[in-house]
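Residue-level structural notes
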Amino acid sequence: MKFITTHFHSLDKVITDAQVFFIRANGTEAIIPEELHLLDTSLNKSIHTVIQTEQWNAKERTHIVIHTHGSIPTRLIVLIGLGDSEKADAGIYLKVGARLVKLLKKLRVTNCTIAPFSGIPLSLEHSIQDIAFGMLLGDYEFVKYKKESKEKHQIESVSFLTIQPLDLHSNFERMEIFSQAVFYARDIVNEPPSNMTPSHVADKAISIADSSSHMTAKIFSKNEIEELEMGGLLAIARGSSEEPKFIHLTYNGGGDKVITLVGKGVTFDSGGLSLKPSKAMETMKCDMAGAALVLGVFSVLSKLKPNIIVHGLIPTTENMPGTHAIKPGDVVTSMNGKTIEILNTDAEGRIILADALSYAEKNIQSNQIIDVATLTGACVIALGEEIAGLFCNDAALKQSIQTSATSTHESLWELPLAQEYESMLSSHIADIKNIATVRYGGAILAALFLKAFVPKDTPWAHIDIAGPAFAEKDTDLSPYGGTGFGVRTILDFLLTED
Ligand code: BES
Ligand code: ZN
Ligand code: ZN
């Protein structure tokens, strides 16, 4: 799908399969723009007639399609409702774009134009960008394991008609790259867990580094993880027949700024001996979505070329209840020497992330650390399936992450690193325990656990993506499965830190 902008003169001269118009509503009525009225005269008022007969009121994300039957060179006129502009949320164009691409494919449209519209509540530039981005994101499918895949219709070109000349070439190029990164992350979350084991995750990291410039990947095998004394990662891996890996990716784009990204890479979370019930286990191949985000981001860094240094750390393992599995009550020593009493083997993410944070402290002088993890069910209870939890010890870092999330329309909501809860993690026999006695405030407690391993005085953010990482039903922007949530925010963030 190729996006262009075209400075246009007269709509009835446009030759294309479909002309798309975005229509706002005024209370209960569709607001028909002047240029559409003009076009309608060449169409014998059929647009007007259809709107009247169907009593179409441009409600958000509804549409009507008018066949022109040769009255003008365009085959179809498609009207997409945006709803009341007053009530529109900023992400509407993204969602509308995602719906539009599916509709146009169904109508077997190959080329289309999108008529000029007044951007609500965003600038024209941002609105066009969002529609195009929505069209890209909404076009994703994971069909690798389907024997009979439907015949695919492709949209070749989408042209945004503008009244003033407007060059968005580089914006379109950037979105194309962003969407590749999102799809990369989705693809590896969607792989069945036995096909995306820690070794497979490591292979992905190697092939990313091999095919990119300014990038290296160091994979630590189980023996090397033992040498690093990552007692947490080793402990969680004990119940599985798959070896754990620790991945260290480095991108060097020049400049002085060093950002470390850490992604939870539990390729399947059965809960270990604290076994999850079967329903809760169904989607647990998604427990490496943080790692998938890091890999997705790294897969495009050489194309975006930010002038920064980015480290990507991925502790990756299965969490299984095999014969050698750790038992509730066991104590393990993490890489920085702190001992952890493991009372629930299902709270494994924080244990492996603790080692990754200790590794960062010992080996990397980071200006900022951001970890991304499908960490707690409690975060899903608190914020639902579309919003991730954001914990941060630094106001400036928090602000820039939030700005990137807002501009890419991903939702993050701040939760507190509540000092008053810290004592709930003190253990009778070790330095810290991995769960508290009470089950309330679980997302906060997990974040506080991580905080105990974050290098002193380093700005750090923890993003709990347990809710939005995996869609349990088809949505506008993502089908059932991995969503690639967070990739857009982190990429935007890295580009602004440049
Ligand atoms: N991987 C889960 C968290 C999760 C839940 C991710 C739902 C995606 C969707 C994590 O390892 C876990 O099991 N956490 C426990 C912690 C508890 C035992 C303190 C949880 O949230 O129930
Ligand atoms: Zn778990
Ligand atoms: Zn987990």
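Before reading further, recall that the structure is shown in the block above.
Presented here is an overview of the structure given in this document. Because the structure is predicted, anything quoted here is derived from the model rather than measured.

1. Some words on the coordination of the zinc ion (ligand 3)
Protein coordination at the zinc ion (ligand 3): the donors are Lys264 (NZ), Asp269 (OD), Asp287 (OD) and Glu348 (OE), at 1.9 to 2.4 Å from the metal. In this structure, the zinc ion (ligand 3) is coordinated by six donor atoms arranged in octahedral fashion, with angles at the metal of 77 to 174 degrees. Taken in chain order, the donor set of the zinc ion (ligand 3) reads K-x4-D-x17-D-x60-E. Between the zinc ion (ligand 3) and the zinc ion (ligand 2), both coordinated by Asp269, there is a metal-metal distance of 3.2 Å. Accessibility classification places Lys264 together with Asp269 in one group, the buried group.

2. Focus: the sheet that holds strand β14 (residues 339-342)
The mixed open sheet is built from three strands, whose spatial order is β13-β14-β18. In this open sheet, the two edge strands, each paired with only one partner strand, are β13 (330-333) and β18 (432-433). Alignment of β14 against β18, held across two bridges, turns out to be parallel. Considered in β18, the bridge of Glu341 is made with Lys433.

3. Some words on the coordination of the zinc ion (ligand 2)
Coordination of the zinc ion (ligand 2) by the protein is provided by Asp269 (OD), Asp346 (O), Asp346 (OD) and Glu348 (OE), with metal-donor distances spanning 2.0 to 2.2 Å. Around the zinc ion (ligand 2) sit six donor atoms, and with donor-metal-donor angles ranging over 71 to 170 degrees the site reads as irregular.

4. What to know about the environment of Ala452
The residue Ala452 is located in the loop between α14 (442-451) and β19 (460-464) in this model. Ala452 sits in the partly exposed class, given a relative accessible area of 26%. In this structure the C-alpha to C-alpha distance between Ala452 and Leu357, which are 95 residues apart in sequence, comes to 9.6 Å. Setting aside residues no more than four positions away along its own chain, Ala452 makes contact with Lys338 and Ile432.

5. Quick look at the site of ligand 1
Every one of the 15 residues lining ligand 1 counts as a neighbour, but Asp269, Lys276, Asp346, Glu348 and Gly377 are closest to it. A distance of 2.8 Å separates an oxygen atom of ligand 1 from a polar atom in the side chain of Glu348. Gly377 has a polar backbone atom sitting 2.6 Å from an oxygen atom of ligand 1. The cavity where ligand 1 resides is the largest pocket. A per-class count over the shell around ligand 1 returns four nonpolar, four polar and seven charged.

6. Structural notes on the pairing of strand β10 (residues 258-263)
In terms of residue burial, β10 counts as a mostly covered element, since six of its six residues are buried. The two faces of β10 match: Val258, Thr260 and Val262 on one face and Ile259, Leu261 and Gly263 on the other face are all buried. One ladder, built from five bridges, connects β10 with strand β12 (residues 309-319); its direction is parallel. Bridged to Leu261 within β12 is Gly312.

7. Quick look at empty space enclosed by the protein
Rolling a probe over the atoms, with the probe sized like a water molecule, indicates the empty space that remains. Inspection of the entire model under this criterion finds two cavities of 30 Å³ or more. Looking at the largest cavity, its volume works out to about 40 Å³. Elements with a minimum of two residues in the lining of the largest cavity: α5 (169-190) and α10 (289-304). Of the residues in the lining of the largest cavity, the class split is seven nonpolar, two polar and no charged. Within this model, the second largest cavity holds a volume of roughly 40 Å³. Residue lining of the second largest cavity: Leu293, Val372, Leu412, Ile463, Ile465, Phe485, Gly486, Thr489 and Ile490, and that is the complete set. A breakdown of the residues in the lining of the second largest cavity according to their chemical character gives seven nonpolar, two polar and no charged.

8. Some thoughts on the nonpolar core
One finds Phe22, Leu104, Ile114, Leu261, Phe298, Ile370 and Leu494 to be the most contacted residues of the largest nonpolar core, which totals 94 residues. Sorting elements by how many residues they give to this core places α10 first, with 11 residues. For Leu261, the contacting residues outside a window of four places in its chain are Val294, Val297, Phe298, Val310, His311, Gly312, Leu313, Ile370, Ile490 and Leu494. Counting residues in each nonpolar core, the second largest holds 51 residues, with Met230, Ile340, Ala354 and Leu445 among its members.

9. Some details on the layout of surface pockets
The calculated volume of the largest pocket comes to roughly 1200 Å³. Around the largest pocket, the lining is made up of 41 residues, and of these Lys276, Leu375, Thr376, Gly377 and Ala378 lie nearest the centre. Of all the secondary-structure elements, those providing two or more residues to the lining of the largest pocket are α9 (278-281), α11 (349-363), α12 (377-383) and α14. With five residues, α12 is the largest single contributor of residues to the lining of the largest pocket. The residue inventory of the lining of the largest pocket, partitioned by class, reads 20 nonpolar, nine polar and 12 charged. Put simply, the second largest pocket is a space of about 970 Å³. Lining the second largest pocket we find 34 residues, and of these Lys102, Gly138, Tyr140, Glu141 and Lys150 sit closest to its centre. Each residue belonging to the lining of the second largest pocket can be placed in one class, and the counts come to nine nonpolar, nine polar and 16 charged.

Reading the values: the criteria
- Residues numbered from 1 in each chain as written.
- Chains lettered and ligands numbered in written order.
- Predicted model: local features only at pLDDT ≥ 70, side-chain atom pairs only at ≥ 80, totals over all residues.
- Heavy atoms only, no water.
- Donors = N, O, S within 2.8 Å, 3.2 Å for Na, K, Ca; no water.
- Tetrahedral: all angles 85-135°; square planar, octahedral: opposite > 155°, others 65-115°.
- Buried < 20%, exposed > 50% of the residue type's maximum accessible area, 1.4 Å probe, protein only.
- Pairing = 2+ DSSP bridges.
- Helix = DSSP H or I, 4+ residues; strand = E, 2+ residues; numbered from the N terminus.
- Contact = heavy atoms within 4.5 Å.
- Near = heavy atom within 4 Å.
- Polar contact = N/O pair within 3.5 Å; in protein donor to acceptor, adjacent residues only side chain to side chain.
- 1 Å grid on protein atoms, 1.4 Å probe; cavity = no way out; pocket = protein on both sides within 12 Å on 5 of 7 lines; lining within 4 Å.
- Sits in = over half its atoms within 2 Å of the grid points.
- Nonpolar A, V, L, I, M, F, W, Y, C, P; charged D, E, K, R; others polar.
- Points joined across faces, edges and corners; volume = space filled by probe spheres on them.
- Core = buried A, V, L, I, M, F, W, Y, C linked by side-chain atoms within 4.5 Å.

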